[in-house]
Amino acid sequence: MKTQNLLMAAFCILISVSCGPRTDKEYLSDVLQKMNKVESVSYKVVRQAWLPGEKDPVYTITSEVYEHINPQDTAIGSSFVEFQDNAFRGVYDGKVSSYVYEEEGEKWIREDDFTTKSPLPFRMVMPEFFYYTQSILKYAITTQDSIELSLKDLGDDYLMELTIHMPVQVEFFGKARYMPQNPYVYDPTSVYKIWISKKDDMPYRYRREMEGNMNEASCSDFIYNPVDKECIVATNYYPEGFEIVKKRQRSSKPTVDMTGKKAPDWTLTDMKGQKVSLSGIKSKVILLQFTGIGCGPCKISIPFLNRLKKEYAVNELEVLAVETWGRSKSSCEAYVKNQGIEYSFLTADKETIAKLINDYQAGSGVPQFYLIGKDRTIIAKFQGYAEKTTDTEIEKKIKANL
């Protein structure tokens, strides 16, 4: 009787152990195995991106995507094509990566066949949602890197949170890639979040969080292994009448040296909502910076510009920066606050900024600095920013013209 009771107790322990709850990694492994059975998939996706501290997204884009496994492609292992409002936007077929570009009313297809030498040992091609999240899950389960991994029960969904603590940021271009050291990145922590529906144990949303930016994709209307889809060949999707331009063959309009010319007037808005115009500034010399939120060198230049603002009287020097990348008002306000900017930070609507860039023949690069003299002619232009080099050159010119 005693032996029988011991056997029953052992059996119960065995049953409780074998039927116990799955660990987080076991569940994620099951999800990954299910994803591995998908050879192709189509869906709708809404993409958004934010900068740290901002309330409104920098952009919101809705697309339709088809992607499939591509065993012949050793770069990311998949191919994809994207449409917006039923119009072709981009494709990757393992041989070329092509996207529709627009500038000043013109449209063309920029095609990268990867023959141009790259400083990186991998292709900067990010898979679309399905195979992108698949690579993140695989990494989370198998990596030996320093990570924190958790799975939260949200009711209808599970939320996987992956925090990567490595000396450099980790991105996923087919698989985990360790990005080069970046002088503009102070915290290389990489955070990835994936929402998995309990209905089918498949991911439908992800969020990527880095020091300088965050982006998210949320998907719906999945069709797994659709029968009417074929392998992707990039040229089959090119619209008629579009010029095909090889990578680096065509670039933005070149900048023009405006030194010695009259500085075009402008009227912009500061963070208090006040109008500021070039003609209304009374300072002897003006330093005008074209900047962009998210630009590393622009961020590095902030302490220098703050110092100039403190050290020179307002009747001698006025320091201003114009946000030229089309960021929202809330983004600009958050940026000014988070970075401790003490000089005038200006913005305007898209059309006004486009006219300003054209008037100053600035092109698309930032930062650019224009030193404007007493008679409102442009004394000098400085392209880019290198700490201790650019600021020395700028300040030397300022002193020479006061």
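Note that this is a predicted model, so its numbers are computed, not measured.

Draft legend 1. Expanded view of the domain arrangement of the chain. According to the domain assignment, the chain contains domain 1 (26-246) and domain 2 (261-400). Here the C-alpha centroids of domain 1 and domain 2 sit 36 Å apart. Counting residues at the interface gives nine residues for domain 1 and 11 residues for domain 2. In this assembly, domain 1 packs against domain 2 so that about 840 Å² is buried in total across both faces, 60% of it on carbon and sulfur atoms. Counting every contact that joins domain 1 to domain 2 gives zero salt bridges. Taken together, domain 1 and domain 2 are joined by zero residue pairs in polar contact (both at pLDDT 80 or more). Within the side of domain 1 that touches domain 2, the residues separate by chemical class into five nonpolar, one polar and three charged.

Draft legend 2. Quick peek at the pattern of salt bridges. Using the criterion set out here, one finds 20 salt bridges in the structure. The partner of Asp73 in a salt bridge is Arg123, and the shortest N-O contact between them spans 3.8 Å. Here the residue Asp73 occupies a position in the loop between strand 2 (59-69) and strand 3 (78-84), and Arg123 occupies one in the loop between strand 6 (106-112) and helix 3 (129-142), the gap between them amounting to 50 residues. Note on Arg123: relative accessible area 27%, which makes it partly exposed.

Draft legend 3. Summary view of the sheet that holds strand 18 (residues 317-323). Pairing in this open sheet of five strands is mixed, and the strands run 19-18-17-20-21 from one edge to the other. Sheet topology places strand 19 (344-346) and strand 21 (378-383) at the edges, where each strand pairs with a single neighbour. Along the sheet, successive strands turn relative to each other by an average axial angle of 20°, direction set aside. Pairing of strand 17 (residues 285-291) with strand 20 (residues 368-372), which is carried by five bridges, proceeds in the antiparallel orientation. Paired with Phe290 across the two strands is Gln368, which belongs to strand 20. On top of the sheet, helix 5 (residues 302-311) reaches strand 17, strand 18 and strand 20; it is set at about 150° to strand 18, its chief contact.

Draft legend 4. Structural view of the confidence of the model for the chain. Looking at the chain, the pLDDT average stands at 91 and 92% of residues meet or exceed 70. Overall, residues 11-18 carries pLDDT values under 50, and its contacts beyond four positions in sequence, including any with other chains, amount to zero contacts.

Draft legend 5. Main features of the state of the cysteines. Under the definition given, this model contains one disulfide. Unpaired in this structure, Cys332 has its nearest cysteine sulfur neighbour in Cys298, at a distance of 12 Å. Judged by its relative accessible area of 0%, Cys332 is buried.

Criteria and thresholds
Residues numbered from 1 in each chain as written. Predicted model: local features only at pLDDT ≥ 70, side-chain atom pairs only at ≥ 80, totals over all residues. Heavy atoms only, no water. Domains from an automatic or database assignment. Contact = heavy atoms within 4.5 Å. Buried area = accessible area lost by both parts, 1.4 Å probe. Salt bridge = Lys/Arg side-chain N within 4 Å of Asp/Glu carboxyl O. Polar contact = N/O pair within 3.5 Å; in protein donor to acceptor, adjacent residues only side chain to side chain. Nonpolar A, V, L, I, M, F, W, Y, C, P; charged D, E, K, R; others polar. Helix = DSSP H or I, 4+ residues; strand = E, 2+ residues; numbered from the N terminus. Buried < 20%, exposed > 50% of the residue type's maximum accessible area, 1.4 Å probe, protein only. Pairing = 2+ DSSP bridges. Axes fitted to C-alpha atoms, helices over the stretch in contact; angles between N-to-C directions. pLDDT = per-residue confidence, 0-100. Disulfide = S-S within 2.5 Å.

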